[in-house]
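Each chain, letter by letter, is given below.
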Protein chains: 2
Amino acid sequence: MTDRILTPDELEAALRAIGAERYHNLHPFHRALHDGKLNKGQVQAWALNRYYYQASIPAKDASLLARLPTTELRREWRRRLEDHDGTQPGTGGVARWLKLTDGLGLDRAYVESLDGLLPGTRFAVEAYVQFVRERSILEAIASSLTELFSPTIISERVAGMLSNYDFVTEETLAYFKPRLTQAPQDSAFALAYVKKHARTAEQQKAVLDALKFKCNVLWSMLDALDYAYVVPARIPPGAFRPDPQA
Amino acid sequence: MTDRILTPDELEAALRAIGAERYHNLHPFHRALHDGKLNKGQVQAWALNRYYYQASIPAKDASLLARLPTTELRREWRRRLEDHDGTQPGTGGVARWLKLTDGLGLDRAYVESLDGLLPGTRFAVEAYVQFVRERSILEAIASSLTELFSPTIISERVAGMLSNYDFVTEETLAYFKPRLTQAPQDSAFALAYVKKHARTAEQQKAVLDALKFKCNVLWSMLDALDYAYVVPARIPPGAFRPDPQA
């Protein structure tokens, strides 16, 4: 990073370059997941841990919503809460994620209890919630920009999982389909906001660092899964243990 | 856990049972470290990441100090700050930890910059600081109780590292010697406090959960190190990369 002020398009290019190096589609666990290299217990572990991330997203969005200064911004951010929390019981992204864990044969009360969560998942997710709570509005919005890269990973994941796992169905993966239209809408707004409001070199650095931080959150969630459940399995005390028959 | 109220001695036994199952002396990375199974770059990675934990301890103690209600408690907790921050430049536990990273050949400015930190280390340490900031004084004090188990791990570590690594000297390990007397003094106070003040079943559960949480913090720091630097090395983007010649 130089201290030169970037044009908005240069800032966008720098943000996209961070994704090209650090987004979790490059993580070996993601590749194993969509290449069909995991067994059912390992896919369960992924879905169970990722549930905590999904369930925390509307909470982090609510904490940002509470700090946004204009109707326009709040309306935009409130839409994200609606996407994740739904409009009535059983709707929204969190509920759809539970259809995924249901479809994988996990007990819903166990998933929601968070009892089997890896500590690495907990700490990464809570770091994200805390970041959005404490940092500037600009940084909080910038940290959502991993959604620039998510349509690609979702397409890879859905196609790969459907073709490689007989225990995965289109219905199980119902979470992902709406995200293919929601994420681009969300990230287009956030990217335009960041390009408009990150004007000084310090603000631009903060924005780039916020995206790196968020990539680290997602990456380290997969580190924890890969370490505990894949190579070689070293499940920490108290975390979810797959049924050897699964 | 039943909901029966434990006697103070039963509570102590339950706390010690948590350590027997979850303290990080049981982690494969700790065993590899003290058995001489690591190369210098891996030991550097441990010292560099652990630096952030050491440097954060007085900050977490200060946040608790600021909330303690009595002279007696503040005096006790102030002693912990003195142990870690010292009384003048170059003294105290954090400065002694930098002698360890110096002795391992790491650049001090790089260590202090935290640039090469693993995200897993950052999130675990920050979760601990946040826990102490947000939870009850009872839970915050209980989360320090991993020190009940630390004299054993320190003895193992010092003896093992001195006999197994030619790049480690007694001077490099100067951090640990004072901890052999400080930690028991700290943990005796904290244990007595917890045994006296955790009177209801809810409080006792909170105390036990606080110690489990803290064990998870330490354990997941070693998970991140083991995953990134040992089996098989999968260093995440941006983290410290050992010199292959080290």
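Conventions used here
Residue positions are given per chain, counting from 1 as you read along its sequence in written order. Each chain gets a letter, beginning with A, and each ligand a number, beginning with 1, in the order they are written. Local features in a predicted model are, by the rule used here, given only for residues with pLDDT of at least 70; side-chain atom pairs are given and counted only at 80 or more, and totals for whole chains, interfaces and linings are based on all residues. Only hydrogens and water are set aside; all other atoms, that is, all heavy atoms of the structure, feed into the side-chain values. Secondary structure elements are taken from DSSP: a helix is a run of H or I of four residues or more, a strand is a run of E of two residues or more, and numbering for both begins at the N terminus. To get the radius of gyration, use the C-alpha atoms; to get the globule rule, take the number of residues to the power 0.38 and multiply by 2.2 Å. Accessible area is worked out with a 1.4 Å probe on protein chains only. A residue is then buried under 20% of its type maximum, exposed over 50%, and partly exposed in between. Contact definition: two residues touch when any of their heavy atoms are within 4.5 Å. Using a 1.4 Å probe, accessible areas were evaluated by the Shrake-Rupley method; residue-level cover was limited to the displayed protein chains. In this tally, Lys and Arg are treated as positive and Asp and Glu as negative; His is ignored, and so are the chain termini. Lysine's charge is taken at NZ, arginine's at CZ, aspartate's at CG and glutamate's at CD. Convention adopted: a line fitted to C-alpha atoms gives each axis, helices being fitted over their contacting stretch, and angles between N-to-C directions are expressed from 0 to 180 degrees. Orientation categories follow fixed angle ranges, with anything under 35 degrees roughly parallel, anything over 145 roughly antiparallel, 65 to 115 roughly perpendicular, and all other angles oblique. For any pair of crossing helices, the crossing counts as left-handed if the nearer helix is rotated counterclockwise from the farther one by less than a right angle, and right-handed if it is rotated clockwise. Basically, the charged four are Asp, Glu, Lys and Arg, the nonpolar ten are Ala, Val, Leu, Ile, Met, Phe, Trp, Tyr, Cys and Pro, and anything else, Gly included, counts as polar. Per-residue confidence from the predictor is reported as pLDDT, which spans 0 to 100.

Topic: the overall build of chain A
Then, in step 1: Along the backbone of chain A there are 11 helices and 0 strands.
Then, in step 2: Listing each helix as α and each strand as β along chain A from the N terminus yields α-α-α-α-α-α-α-α-α-α-α.
Then, in step 3: A compact globule built from 246 residues should have a C-alpha radius of gyration of about 18 Å, and chain A, at 18 Å, falls within 12% of that.
Then, in step 4: The principal-axis extent of the C-alpha atoms belonging to chain A is close to 55 × 40 × 35 Å.
Then, in step 5: Burial statistics for chain A: of 246 residues in total, 58% are counted as buried.
Then, in step 6: Look at the contacts in chain A between residues 6 or more apart in sequence, and 79% of them connect residues 24 or more apart.
Then, in step 7: Looking at chain A as shown, the accessible area adds up to about 10,300 Å², and 52% of this sits on carbon and sulfur atoms.
Then, in step 8: In chain A, 31 positive and 30 negative side-chain charges are present, and the distance between their average locations comes to 3 Å.

Some points on unusual backbone geometry
Then, in step 1: One non-glycine residue, A:Leu114, adopts positive backbone phi at about 65 degrees.
Then, in step 2: Exposure remark for A:Leu114: the relative accessible area of 18% places this residue in the buried category.

What to know about the packing of helix 3 (residues 40–65) of chain B against helix 4 (residues 71–85) of chain B
Residues and elements named next belong to chain B.
Then, in step 1: Closest axis-to-axis distance for the helix 3/helix 4 pair is 9 Å, and the angle between their directions is 160 degrees. Here helix 4 runs roughly antiparallel to helix 3, going by the angle between their axes. The handedness of the crossing between helix 3 and helix 4 comes out as left-handed. Contacts between helix 3 and helix 4 pair Ile57, Pro58, Asp61, Ala62, Leu64 and Leu65 from the former with Arg74, Trp77, Arg78, Arg80, Leu81, His84 and Asp85 from the latter.
Then, in step 2: Here the contact of helix 3 with helix 4 is built from residues that sort into 7 nonpolar, 1 polar and 5 charged.

Remarks on the environment of B:Leu73
Residue and element names in this part refer to chain B.
Then, in step 1: Looking at the secondary structure, you find Leu73 in helix 4.
Then, in step 2: Given a relative accessible area of 7%, Leu73 falls into the buried group.
Then, in step 3: Note: C-alpha distance between Leu73 and Phe189 (116 residues apart in sequence) is 9.7 Å.
Then, in step 4: If sequence neighbours within four positions are ignored, Leu73 has contacts with Leu68, Phe189 and Tyr193.

Description of the confidence of the model for chain A
All names here are of chain A.
Then, in step 1: In this model, chain A carries a mean pLDDT of 92, and residues with pLDDT of at least 70 account for 99%.
Then, in step 2: Across chain A, the element-wise mean pLDDT spans from 88 in helix 9 (residues 150–164) up to 98 in helix 8 (residues 137–142).
Then, in step 3: Overall fold confidence (pTM) sits at 0.89, and the ipTM for the predicted complex is 0.84.

Examining the packing of helix 3 (residues 40–65) of chain A against helix 7 (residues 119–134) of chain A
All names here are of chain A.
Then, in step 1: Put simply, helix 3 and helix 7 touch, their axes get as near as 9 Å, and they point 10 degrees apart. Relative to helix 7, the element helix 3 is oriented roughly parallel. For the pair formed by helix 3 and helix 7, the contact residues are Asn49, Tyr52, Tyr53, Ser56, Ile57, Lys60, Ser63 and Leu64 on the first element and Thr121, Arg122, Val125, Glu126, Tyr128, Val129, Val132 and Arg133 on the second.
Then, in step 2: Tallied by class, the residues present in the contact of helix 3 with helix 7 amount to 8 nonpolar, 4 polar and 4 charged.

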